[in-house]
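Summary of the model geometry
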Amino acid sequence: MIHNKTPVTAEGWPSALNGAVEFLQRHEGFLLAGYPDADALGSMLSLALYLKALGKRPYIVWPGPLIGKTGFLEDILQHNRVPLVAGLHKVAGFTGRVDALIFCDTANRKLVPFYTEIHRTFLEGNAKPVLELDHHFGTDSEPIHEHGLHLFRPSNATAEIAAEVLEACFRHNSGGPDPFAQRNIVISLLTGLIADTGGGRAPMQRGDYEYWVQRLGGRLTANTHEKEDDPESPHFSNPDEIRGFLAQLSDVEKAGVARLQEKIVRAGDVAWLDLLTDNRRELVESLELNPTAWAQILETMANAVPEVAGRIGLLFYRDESAEGGECFYIKMRRAQEEQCDLREAEGAIHRAFGADRVLGGGGHPGAVSFRIRLMDEAQFLEGIERLAQNIDGINDRK
Ligand SMILES: [Mn+2]
């Protein structure tokens, strides 16, 4: 049975925050895990680096090399000697060293790398205490551990929640290290925030976004000096440079984007981009794209397609399901000026493909994704056309 996540109320938030501070103070060895996108990584890294500064032991669950632009976050961890728990069989090796778990930015347990092993090692029987930070409230959302301390809030990014936790820690322990004085903590948080808001284009809470970009950006600039001992690449001195870096395309990526622009199909104010087998193979082979370039093109197109349509854009490709089998993956985003809540598209997805074929999905008002059971590609494309007609009528909150 699924119990959807519920946000902590405004009245309950200060005590939840205090609970998180005590949680971090009370324990010594922390296993951090989450679905490794930029926000989850940024949140985990910032917490891990602060715990390290307190003399505690963070371990980050690492499913493998990162695809896309977030590789520099891995470099930050290496420089700071935060151990990565890489590979399934490694998890159990940390039994004696871990006395608490932190999950960041992950809608449900199916998306946590090595969850079965983590559960078997740390959450069965005498379960270790759990802290969860998240901002996903889709229909597939569910606390990873029911009895955890849940800092759930509809923020722009989990990185905002992590920043609040760090701020609260410093308030309680102002003689200790100042988390925002550490460049790498600030860079990690800003990366998560910028990535989750489409490069700052589409924050759900504009005020919060501005607040954190100014506050963290100010500290980043203040702590940037001409010569740094810690070799960083790239070397950021303000949020705009992080934004620029995340959005920057190489020549081959630009060529890929230009080609895909021509393949966008418009139907009213909805548009879609078919990245199923043929289109994708043709592009990858002719431009000799590596996985990083492909990921960058995908992210760029996910933001471009809705703008072409003026309202809602979607793209789809084949991907792995949480169980490891192949499935179709649909990414849906709304245009910058559009106010509708895309989470309401779930009904349309069910009608278009049949509820039993939808493996799961969810997201934010501005961006959702769904996994669909494998079927004939022609049959799937018919479903997409039905979906485009259905979501055209989604409630507009303008
Ligand atoms: Mn996130």
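Conventions and cut-offs
Residues numbered from 1 in each chain as written. Predicted model: local features only at pLDDT ≥ 70, side-chain atom pairs only at ≥ 80, totals over all residues. Helix = DSSP H or I, 4+ residues; strand = E, 2+ residues; numbered from the N terminus. Rg over C-alpha atoms; globule rule 2.2 N^0.38 Å. Buried ≥ 20, exposed ≤ 12 C-beta atoms within 10 Å, placed from the backbone. Contact = placed C-beta atoms within 7 Å. Pairing = 2+ DSSP bridges. Axes fitted to C-alpha atoms, helices over the stretch in contact; angles between N-to-C directions. Domains from an automatic or database assignment. Nonpolar A, V, L, I, M, F, W, Y, C, P; charged D, E, K, R; others polar. Arc of directions from axis to C-beta. Expected span 1.5 Å × (residues − 1). Parallel < 35°, antiparallel > 145°, perpendicular 65-115°, else oblique. Left-handed = near helix turned anticlockwise from the far one by under 90°.

All right, on to the overall build of the protein then. Check the secondary structure of the protein and you find 13 helices and 12 strands. Its C-alpha atoms give the protein a radius of gyration of 21 Å, near enough to 21 Å, the size a compact globule of 398 residues would have. C-alpha atoms of the protein, sized along the principal axes, occupy 60 × 50 × 45 Å. When burial is assessed residue by residue, the protein has 43% of its 398 residues classed as buried. Across the protein, contacts joining residues at least 24 apart in sequence account for 75% of those joining residues at least 6 apart.

An order of β3-β2-β1-β4-β5-β6 is seen for the 6 strands of this open sheet, with the pairing classed as parallel. In this open sheet, the two edge strands, each paired with only one partner strand, are β3 (84-86) and β6 (149-152). Going across the sheet, the axis of each strand differs from the next one's by a mean of 20 degrees, ignoring polarity. Sheet topology places strand β5 (residues 130-134) next to β6; 4 bridges connect them, and they run parallel. Residue pairing for β6: L131 is matched across the bridge by L149. In the packing of helix α1 (residues 13-26) onto the sheet, the strands contacted are β4 (100-104), β5 and β6, and the crossing angle to β6 comes to about 125 degrees.

With that settled, the discussion passes to the pairing of strand β10 (residues 326-334). By the criterion of burial, β10 is predominantly enclosed, with 7 of the 9 residues buried. Taken together, the 9 bridges between strand β9 (residues 312-320) and β10 define a ladder with antiparallel strand orientation. Looking across to β10, one finds that L315 is bridged to K331. As defined by bridge partners, β10 adjoins strand β12 (residues 367-373) across 7 bridges and the pair is classed as antiparallel. For K331, the partnering residue across the bridge sits in β12 and is S369.

Under the domain assignment used here, the protein contains domain 1 (13-226 + 234-247) and domain 2 (251-391). On a C-alpha basis, the centroid separation for the pair domain 1 and domain 2 is 28 Å. Across the boundary between the two partners, domain 1 contributes 15 residues, which contact 17 residues of domain 2. Its residues assigned to classes, the side of domain 1 that touches domain 2 comprises 5 nonpolar, 6 polar and 4 charged.

A word on the sheet that holds β12. Pairing between the strands of a sheet comes from backbone hydrogen bonds, and it takes one of two forms, parallel or antiparallel. Read from one edge to the other, the open sheet built from 6 strands follows the order β7-β8-β9-β10-β12-β11, with strand pairing classed as mixed. A strand with exactly one partner marks an edge of an open sheet, and here the two such strands are β7 (265-267) and β11 (358-364). Recorded for the sheet is a direction-independent mean angle of 20 degrees between the axes of neighbouring strands. Judged from the 3 bridges that link them, β7 and strand β8 (residues 270-274) form a sheet pairing that is antiparallel.

Listed as buried for helix α12 (residues 346-353) are I349, A352 and F353. Relative to the axis of α12, the buried residues are bounded by an arc of 75 degrees and lie together on one face. Packing partners of the buried residues in α12 comprise β11, β12 and α13 (377-391).

The end-to-end C-alpha distance of helix α11 (residues 291-309), which contains 19 residues, comes to 27 Å, matching closely the 27 Å that a straight helix rising 1.5 Å per residue would cover. For α11, every residue scored as buried is listed here: A293, W294, Q296, I297, L298, E299, M301, A304, V305, P306 and A309. In this structure, the buried side of α11 is in contact with α9 (251-261), β7, β8, α10 (277-287), β9 and β10. A positive backbone phi angle near 90 degrees is found at G310, which sits one or two residues after α11.

Moving on, we come to unusual backbone geometry. The phi dihedral of F114 is positive, around 60 degrees, even though this residue is not glycine. Along the polypeptide, F114 turns up in the loop between β4 and α4 (115-123). Despite not being glycine, E288 has its phi angle at roughly 50 degrees, a positive value. Along the chain, E288 turns up in the loop between α10 and α11.

A separate point is the packing of helix α6 (residues 183-196) against helix α7 (residues 206-222). For the pair α6 and α7, the least separation of the axes is 9 Å and the interaxial angle reads 150 degrees. Here α6 is positioned roughly antiparallel relative to α7, judged by the angle of their axes. The handedness of the crossing between α6 and α7 comes out as left-handed. Every residue of α7 that contacts α6 at R183, V186, I187, L189, L190 and L193 is listed here: Y209, W212, L216, G217, R219 and L220. Residue composition of the contact of α6 with α7, by class: 9 nonpolar, 1 polar and 2 charged.

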